[in-house]
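Breakdown of the fold
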Amino acid sequence: MFVNFRRIRKWQFVQLMTACLVLSVVMVCWEQLDNHVISHAKSYSYRYLVNRFTYINKSFTISREQARSFSSFPYLLDHPDKCVDKDVLLLLFVKSSPGNIERRNAIRSTWGNESYIQNALGVTVKVVFALGTPPAKKAGLSCSTGSRVCFQEQLAREDRLSGDLIQQDFLDTFHNLTLKLILQFHWMHSRCAHARFLMTADDDVFVHMPNLVSYLQDMSSRGVTGLWVGRVHRGAPPIRSKDSKYYVPFEMYQWFSYPDYTAGAGYVVSRDVADKVYQATLTLNASLYIDDVFMGICGNAIGVSPQEHVYFSGEGKAPYHTCIYDQMMTSHGHVEDIYDLWKAATHPQVKQKTTGLIGRLYCTAVKMSLLCKPYYLNTYPCKAAFF
Ligand SMILES: *[C@@H]1O[C@H](CO)[C@@H](O)[C@H](O)[C@H]1NC(C)=O
Ligand SMILES: *[C@@H]1O[C@H](CO)[C@@H](O)[C@H](O)[C@H]1NC(C)=O
Ligand SMILES: *[C@@H]1O[C@H](CO)[C@@H](O)[C@H](O)[C@H]1NC(C)=O
Ligand SMILES: *[C@@H]1O[C@H](CO)[C@@H](O)[C@H](O)[C@H]1NC(C)=O
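What counts and what doesn't
Residues numbered from 1 in each chain as written. Chains lettered and ligands numbered in written order. Predicted model: local features only at pLDDT ≥ 70, side-chain atom pairs only at ≥ 80, totals over all residues. Heavy atoms only, no water. Phe/Tyr/Trp six-rings, centres within 6.5 Å; stacked < 30°, edge-to-face > 60°. Buried < 20%, exposed > 50% of the residue type's maximum accessible area, 1.4 Å probe, protein only. Lys NZ or Arg CZ within 6 Å of the ring centre and 35° of its normal. Disulfide = S-S within 2.5 Å. Helix = DSSP H or I, 4+ residues; strand = E, 2+ residues; numbered from the N terminus. Near = heavy atom within 4 Å. Polar contact = N/O pair within 3.5 Å; in protein donor to acceptor, adjacent residues only side chain to side chain. Areas by Shrake-Rupley, 256 points an atom, 1.4 Å probe, with all protein chains shown as cover. Nonpolar A, V, L, I, M, F, W, Y, C, P; charged D, E, K, R; others polar. Domains from an automatic or database assignment.

Topic: the packing of aromatic side chains
- Tallying each qualifying case throughout the model produces 13 aromatic pairs.
- Between Tyr 253 and Trp 255 the ring centres are 5.0 Å apart and the planes differ by 80 degrees, which places this aromatic pair in the edge-to-face class.
- What makes Trp 255 buried here is its relative accessible area of 15%.
- One aromatic cluster is present, built from ring pairs that chain together Tyr 55, Phe 60, Tyr 253, Trp 255, Tyr 258 and Tyr 261.
- The aromatic ring of Tyr 48 is capped on one face by Arg 47, whose charged end is 4.5 Å from the ring centroid.
- One Lys or Arg, Arg 191, reaches over the ring of Tyr 75 and ends 5.8 Å from the middle of that ring.

As structure tokens, this is what we get:
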């Protein structure tokens with residue numbers, strides 16, 4: 001009896017130790033688990049089961065006077081006549097930073113070359129760069145003194161040559177990206193309201209301009225309105241981990257999930273949507289600094305939902321292949337390769353190789369092998385192979 005009792009105690013001790021071990025592992029890993037699994041489970045169920053986010057609009061609404069503080073920065077560089085007297089198919093804003101002159105030059109001589117677009121594609125597309133002011137001592141611009149005046153002079157010189165910088169007097173930082181978003185919609189409203197579409201893109205995005213133009217011409221000829229298209233995030237949870245670049249405190253956003261939004265790397269809206277977003281920004285609290293999420297809040301406030309297009313990439317880089325070039329719209333993360341990619345993607349051979357029954361069958365097979373992998377590929381989805 002006594003021996004038995006000791007055995008049970010020993011057995012219980014082992015159980016207790018195991019429980020403690022499991023518990024401490026869970027406690028140590030809880031944050032990871034919470035960030036990656038639980039917050040997503042919560043946000044997806046919230047997005048799909050619970051509600052339609054109607055209260056977000058209300059909780060972000062502030063007075064016009066208060067909202068003006070997000071848009072009243074004076075312009076330091078501007079081109080009020082950029083769109084005058086022209087039938088502009090697309091106004092394309094590239095979100096750039098003062099130091100990224102090389103990226104801007106690469107865009108100007110590849111996919112963003114306005115005269116190429118006019119001559120080769122027969123439409124007017126205006127490509128402009130949205131900038132804030134350089135934070136002091138930021139590397140990238142070669143001002144040996146590191147002074148802000150010197151940076152600004154360099155920007156002015158660049159702008160005299162290219163005439164495409166739109167700069168407002170706010171610090172160009174990650175946490176001011178929403179101010180840059182507001183700049184774009186306000187600039188369109190006052191300077192280019194007749195453009196049929198507005199696109200916003202990062203300066204490391206590759207835009208397949210011929211494909212995009214023919215898509216937009218098609219949309220325009222069908223009189224499409226209410227368009228907001230890109231790579232859509234549905235049911236994304238706010239990141240509560242303070243180490244993350246995308247950290248958002250509870251006070252700034254209280255719910256389990258963001259409203260649907262398109263990845264900020266590149267998306268397009270039609271003129272009517274651009275105007276409604278402009279109107280919405282006049283009464284919304286824009287202190288939520290993640291610009292694409294803020295765009296989701298604007299979409300929520302105006303009752304417009306984003307649409308998915310399989311050939312808009314979010315964070316991902318498209319595979320290099322003729323069959324991809326035939327249909328791609330945007331691809332993210334291109335800096336050094338942009339010249340080569342532009343040459344390859346617009347080569348006349350792309351169309352030759354991908355048309356006809358044989359070409360189409362070949363491309364479907366190639367795209368399946370490139371995009372339909374059992375593990376997560378951060379590029380176009382598998383269904384793009386059949387598009
Ligand atoms: C833009 O394209 C035109 C041809 O249409 C070319 O003459 C010009 O050099 C290009 N611009 C740049 C900056 O590469
Ligand atoms: C945003 O820009 C304003 C105006 O220049 C500046 O006062 C503020 O510090 C900037 N905010 C961030 C987070 O950089
Ligand atoms: C806007 O929201 C922030 C929190 O995200 C808050 O601190 C601020 O007071 C709000 N502004 C107005 C005018 O209500
Ligand atoms: C959002 O709020 C504004 C003003 O508070 C209101 O005019 C608008 O109808 C609301 N939008 C939706 C989709 O409920």
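Examining the state of the cysteines
- On inspection of all chains with the given rule, the structure shows 3 disulfides.
- Covalently, Cys 323 is tied to Cys 363 through a disulfide, its sulfur atoms 2.1 Å apart. Here the disulfide of Cys 323 and Cys 363 is left-handed, its torsion about the S-S bond being about -75 degrees. With Cys 323 in helix H11 (residues 322-325) and Cys 363 in helix H14 (residues 356-371), the pair connects residues that are 40 residues apart, well separated along the chain. As far as the burial class goes, Cys 323 and Cys 363 line up, both buried.
- Of all cysteine sulfurs, the one in Cys 192 lies closest to Cys 298, which takes part in no disulfide; the gap is 19 Å.

Re the site of ligand 4
- Close to ligand 4 lie Asn 57, Thr 61, Asn 300, Ala 301 and Gly 303, which account for all nearby residues.
- A distance of 2.4 Å is found between an oxygen atom of ligand 4 and a side-chain nitrogen or oxygen belonging to Asn 57.
- In this structure, Ala 301 approaches ligand 4 through a main-chain N or O atom, which is 2.7 Å from a nitrogen atom.
- Isolated, ligand 4 exposes 360 Å² of accessible area, and the fraction of that covered by the protein chains is 39%.
- Its residues placed into classes, the shell around ligand 4 shows 1 nonpolar, 4 polar and no charged.

Examining the site of ligand 1
- Lining the immediate environment of ligand 1, one finds Arg 108, Ser 109, Asn 113, Ser 115, Tyr 116 and Asn 119.
- Asn 113 has a polar side-chain atom sitting 2.3 Å from an oxygen atom of ligand 1.
- In the complex, 42% of the free accessible area of ligand 1, which totals 360 Å², lies under the protein chains.
- Elements with a minimum of two residues in the shell around ligand 1: helix H4 (101-109) and helix H5 (114-121).
- Ranked by residue count, the leading element in the shell around ligand 1 is H5, at 3 residues.
- Among the residues making up the shell around ligand 1, the classes are represented as 1 nonpolar, 4 polar and 1 charged.

Here we look at the domain arrangement of the protein
- Its domain assignment divides the protein into domain 1 (9-50), domain 2 (65-308) and domain 3 (322-386).
- Using only C-alpha atoms to locate each centre, domain 1 and domain 3 end up separated by 42 Å.

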